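Observations on the three-dimensional arrangement
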Amino acid sequence: MTNNQESRGLATLVSDLAQQVTTLLQTESRLLRAEMSEKISKAGAGAAEVLAGAICLLAALMVLLQALVIALASAGLGAGWSSLLVGIVVAILGIILLRSGTKSMAPSELTPDRTQDQLKRDARVIKDQIR
């Protein structure tokens, strides 16, 4: 093989590698956009749970206030204590929803894990191709 043929072969290899890397980066970009869209949807669902929890806590506050008024008015076990029990149950439900929603919106839940893993694998393949 002559020097000219070797340089043309090397140039073709480098050109092919550059084209493959470009295609790979475009594919990874599409994967990143898809995964981020999925993560944003998950955060939206978490926000809806937070909102639902806040609404439950507001309802619990109203019921607890009603229970306090009735309890003070009757000064005994009756309708007031029943309202108090309902208020506590609604408050517990609200707290559970708030915790679940905020957990879904944690930054660790929003990282594009699959894309990061794929980029690491791709980097290894590119390094192997260059050698």
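Calculation notes
Residues numbered from 1 in each chain as written. Predicted model: local features only at pLDDT ≥ 70, side-chain atom pairs only at ≥ 80, totals over all residues. Heavy atoms only, no water. Helix = DSSP H or I, 4+ residues; strand = E, 2+ residues; numbered from the N terminus. Buried < 20%, exposed > 50% of the residue type's maximum accessible area, 1.4 Å probe, protein only. Contact = heavy atoms within 4.5 Å. Areas by Shrake-Rupley, 256 points an atom, 1.4 Å probe, with all protein chains shown as cover. UniProt positions renumbered as here; feature names shortened; annotations may be inferred. Lys, Arg positive; Asp, Glu negative; His and termini not counted. Salt bridge = Lys/Arg side-chain N within 4 Å of Asp/Glu carboxyl O. pLDDT = per-residue confidence, 0-100.

1. Focus: the overall build of the protein
- For the protein, the helix and strand inventory stands at 3 helices and 0 strands.
- Listed by position from the N terminus, the elements making up the protein come as α-α-α.
- In the protein, which comprises 131 residues, the share counted as buried stands at 16%.
- Pairs at least 24 residues apart make up 82% of the contacts formed inside the protein by residues separated by at least 6 positions.
- Accessible surface, the protein as shown: approximately 9,400 Å² in total, 67% of it carbon and sulfur.

2. Digging into the UniProt feature "transmembrane region" (unreviewed entry) in the protein
- In the numbering used here, UniProt assigns the feature "transmembrane region" (unreviewed entry) to residues 50-73 and 79-98.
- Taken end to end, residues 79-98 is 100% helix and 0% strand, and its first and last C-alpha atoms sit 29 Å apart.

3. With respect to the side chain of Glu28
- Mapped onto the secondary structure, Glu28 falls in helix α1 (residues 3-74).
- Among buried charged residues, Glu28 stands out as having no salt bridge; its nearest opposite-charge side chain is Arg121, 7.3 Å away.
- Contacts of Glu28, omitting those with residues within four sequence positions, involve Thr115, Gln118, Leu119 and Asp122.

4. So, the confidence of the model for the protein
- This prediction gives the protein a mean pLDDT of 80; 89% of its residues lie at or above 70.
- Taken element by element, the predicted model of the protein shows its lowest mean pLDDT in helix α3 (residues 113-130) (78) and its highest in helix α2 (residues 79-104) (84).

5. Considerations on the side chain of Glu35
- Examined against the element boundaries, Glu35 turns out to sit in helix α1.
- Owing to a relative accessible area of 2%, Glu35 belongs among the buried residues under this scheme.
- Non-local contacts of Glu35, meaning those with residues more than four positions away in its chain, are made with Thr111, Pro112, Asp113, Arg114 and Thr115.

6. Considering the environment of Ala79
- The topology assignment puts Ala79 in helix α2.
- Sequence-wise, Ala79 and Ala67 are 12 residues apart; in three dimensions their C-alpha atoms are separated by 7.9 Å.

7. Some words on the environment of Gly94
- The topology assignment puts Gly94 in helix α2.
- Through-space distance from the C-alpha of Gly94 to that of Glu49 is 9.3 Å; in sequence the pair is 45 residues apart.
- Beyond its immediate chain neighbours, meaning those up to four positions away, Gly94 contacts Gly53, Cys56 and Leu57.

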